[in-house]
Each structure stands twice: as C-alpha cells, then as structure tokens.
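Results of the structural survey
Residue strings, one per chain:
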Amino acid sequence: MGYPETFEGFMVQSHEKWSDFKKQEFKPKPLGERDVEIAIEACGVCGSDVHTITGGWGQASLPVCVGHEVIGKVIGLGSKATTVKMGDRVGVGAQVWACLECDVCKSGNENYCPHQVDTYNATYPDGSMAYGGYASHIRAHEYFVFAIPEKLETSLAAPMLCAGITSYSPLSRAKIGPGKTVGVVGIGGLGHFGILFAAAMGADVYALSHSPKKEADAKALGAKGFISTNEKGWNESHKFKFDFILNTTDATDKFDMGAYFSTLKVNGTFHTVGISDKPFPPLNTPDFMSNGCAIAASHIGSREEVQAMLDLAAKSNIKSWVETIDISEEGCKTAVEKVYKGDVRYRVTLVGYDKVFGKRA
C-alpha cells in the first residue's frame, strides 16, 4: 500500500525473540484535525522499550514498534494544528494524546490524564494503534509535539523527551534550586539526567551508587560528591543530609529502604522514577517516623515542564551522554541488547533514518 496510508517501522514479533526486529509496514492513526505528522530523524532507546518488548511489564500488543524519544521534521498538519509549522524540527515523548478536557488535564497535569494514550503499545479512542519511533513517521496530537531549541543537537536532545523529562519533572515540582541538597540514586540513563538538571538548577548534588567506578562520571556530570551504597553502614555519616532523593534505578526491590530514608532531612522526600519488573521492597512505618519523610513517584511530565526543560538545557548548554547507532534490524537489536545489559554511557540514540527510509517530505 505504502505512504501515506502506511508507515514503515522496525517491529518485534514476540517476547521470546524480543531483540529480533523486522522492518514492515503498519497502518497509522488517521491524521486528526489537531495532529502533526513527523518524518523521524532520530529516536532515543529507552529502558521502557526493553521492558515492553521483553514482556517485563506484561503482554504487549504484538507486533510492536517501540520508541518514545522522537525527533524529526514536521511534514503534515491537521486542519486546526497551530503550535508548530511545516519544516519545524520537533520532538515527541512518551505520550501522544490526552482528552485535554478532564479536571486532571485542565490542572496542567495532562501526563496523568486517565484517558491518555502512550506513544506505543496503546490504543486511541477510535481504536487505532499507537506506534513508536523506530519508524519512518509518527503522528501525534500537537499538544504533545515540542519545538526543539536550535542550540540542542538532535541526537543529544532525543533522550530528553522521556528520560530527561522523567528526571526533570519531579525536581521542578519540588522546587529544587540553590540551598537544596539532592541525592540521585543510580547513575544511568535517568540518573545522569538527574545530576545534570539538579546541578543546573543550582542544587548541591550527590550521586548514590553501588558502583564505585562511576564516581568520576558522576562528578563530571556535576555531582558535588559521591556515596557508595555497597558499603555496610553507608548511610550512617549521611543522616539528615538530603532535602530530596531522586531514585532512578529499577532495582529498588533490593534496597534497604530504611537506610535511604535515614539520609533525608525532616519532611524530605524519596522520589522514585525508575520502574522495576519486580515489586517494591517492604516498607516499615518506623522508618518514616524518625524524620517525617515521604515517598513519592511520578510519570513523565507536562507540556509546560517539557518546554521548560528544553529551555534550561539550551540555556545551560546541558549535553546528555549519548552513543549513536544507525537504525536497521541489526542496529535496533544491538541497541536494545546494550540497554538490557546496562552497557551504555548513558543513553543510545538511533540515527541514520534517511539511509533506510529515504528522504521523506
């Protein structure tokens, strides 16, 4: 059939062969009156992609085309789309639609809309499937399409659209800035953004990791100090230290939560953004009571927060640590397997889209 009735993408057919990708056509949602059509030029590879294709988060709608850190060029607009224009370089993150009418959306929290549609492995209200960024094109509601500042390089900006905003949003909502002390747990794809953004906001940032070998990287990213959590009693000399802890790891099931809570100031918050395949560890009420701390979690960020994050990144010359891989069946396989193994410093972006999909205009 071919474009524009069908797009092409690299898709996974089964959870058993989760890193085997096949290039094939798929039918996108119809172009709505407020939709934007984008010719994709790059897409970050997220841990969410791996959790989805392995079945770690449950049975996916197969075949699935993942990828929700998308950057490309606007090549089509719905009749009422006004936020971007033809030819703009834009990005799409982990959400492509919300009702924008419920109380949640009207409060500026559309990323929590009970009717939201994720960028892939999700269904629109009209029954159309949502397909992600390992593909030739993507269509998304204009509210979830963001202009990319000129100063940001495409391959470095792509991971900000999920990993970046996932780390930025809770820091922003906690009003992190000068005078605040922040601990970032896990120096990986999410955690390196946590350090970059918290430092850019003016906080004193400490990296917490079970891998002492990451100390140099953490300090290069902007951390003031490094705490090795694989040492017995690591928390004793750091009690009542942090206003806010951003937990970015998906290995929380192995944590001694009492130890982490003890490092929070009175009424401090342990905020988790890493999502594990395994249950959260047991929580004991007395562990909260010694300092009145709280535990929280969050999901990506709002449109306002994405735009603020991109502006901060451009203003502060924030550069994510990225390695690039040309998109192809083998390239996708290599990328997701590297993420699965944790063999990445600290994000991967798929590039070279024109080589496999041609010039799209």
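Residues numbered from 1 in each chain as written. Predicted model: local features only at pLDDT ≥ 70, side-chain atom pairs only at ≥ 80, totals over all residues. Heavy atoms only, no water.

1. What to know about the overall build of the chain
Formally: Only runs of H or I of at least four residues qualify as helices and only runs of E of at least two qualify as strands under DSSP, and these elements are numbered from the N terminus. Values of the radius of gyration come from C-alpha atoms, whereas the globule rule sets the reference at 2.2 Å times the count of residues to the power 0.38. Contacts are assigned to residue pairs with any non-hydrogen atoms lying within 4.5 Å of each other. A positive count includes Lys and Arg, and a negative count includes Asp and Glu. His and the chain ends are not counted in either. Charge positions come from single atoms, namely NZ of Lys, CZ of Arg, CG of Asp or CD of Glu.
Counting its secondary structure elements, the chain contains eleven helices and 19 strands. In terms of C-alpha radius of gyration, the chain reaches 20 Å, essentially the compact-globule figure of 21 Å for 361 residues. The principal-axis extent of the C-alpha atoms belonging to the chain is close to 65 × 40 × 35 Å. Residue pairs at least 24 apart in sequence account for 71% of intrachain contacts in the chain once pairs closer than 6 positions are excluded. Averaged over its 37 positive side-chain charges, the chain has a centre that lies 4 Å from the centre of its 41 negative ones.

2. Things to note about helix 1 (residues 47-54)
Rule in force here: Each residue is placed in one exposure class: buried if its accessible area under a 1.4 Å probe, protein chains only, is under 20% of its type's maximum, exposed if it is over 50%, and partly exposed if it falls in between.
Buried residues dominate helix 1, accounting for six of its eight residues. Turning to helix 1, its buried residues are S48, D49, V50, H51, T52 and I53. The inward-facing, buried residues of helix 1 abut strand 1 (7-12), strand 2 (21-26), strand 3 (35-45) and helix 10 (329-341). One or two steps after helix 1, the chain reaches G55, where phi turns positive at roughly 85 degrees.

3. Description of the domain arrangement of the chain
Which entries qualify depends on this criterion: Boundaries of every domain are those given by an automatic assignment or by a domain database. Accessible surface is computed with a 1.4 Å probe, and the buried area is the amount of it that two parts give up when combined, taken over both parts together. The term salt bridge refers to a pairing of a side-chain nitrogen on Lys or Arg with a carboxyl oxygen on Asp or Glu at a separation within 4 Å. Polar contacts here mean pairs of N or O atoms no more than 3.5 Å apart (in protein, one a potential hydrogen donor and the other a potential acceptor; neighbouring residues in sequence count only if both atoms are side-chain atoms).
Here the chain is described as being made up of domain 1 (7-162 + 301-355) and domain 2 (164-297). Computed from C-alpha atoms alone, the centre-to-centre distance between domain 1 and domain 2 is 27 Å. Every contact between the two is made by 26 residues of domain 1 and, on the other side, 24 residues of domain 2. Between domain 1 and domain 2, a total of about 2,000 Å² is buried, with carbon and sulfur atoms accounting for 60% of that surface. In terms of surface lost to domain 2, no three residues of domain 1 exceed E305, W321 and Y346, which account for 30% of the buried area on that side. Our count for the domain 1 to domain 2 interface comes out at two salt bridges. One can count 15 residue pairs in polar contact (both at pLDDT 80 or more) joining domain 1 with domain 2. No other element matches the five residues that helix 9 (residues 303-315) contributes to the side of domain 1 that touches domain 2.

4. Observations concerning a nonpolar patch on the surface
Put simply, the test is: Like-charged residues within 9 Å of one another, or nonpolar side chains (Val, Leu, Ile, Met, Phe, Trp, Tyr) within 5 Å, are grouped into patches, provided each residue has over 30% relative accessible area and no salt bridge. Each accessible area is a Shrake-Rupley result for a 1.4 Å probe, and residues are judged covered by the shown protein chains and nothing else.
Among the surface-exposed residues, F280, L283 and I295 lie close enough to one another that they form a single nonpolar patch of about 230 Å² accessible area. As for its position among the elements, I295 is in strand 17 (residues 294-297).

5. Overview of the pattern of salt bridges
Evaluation of the coordinates by the stated rule reveals 20 salt bridges. Across the salt bridge formed by K23 and E8, the nearest N and O atoms sit 3.9 Å from each other. Within this pair, whereas K23 is found in strand 2, its partner E8 is found in strand 1, the two being separated by 15 residues in sequence. Residue E8 is classed as partly exposed on the basis of its relative accessible area, which comes to 28%. The partner of K355 in a salt bridge is D326, with the nearest N and O atoms 2.8 Å apart. Linking K355 in helix 11 (residues 353-357) with D326 in strand 18 (residues 322-326), this pair joins segments that are 29 residues apart in sequence. Three or more residues are tied together by salt bridges with common partners; here these are D20, K333 and E337.

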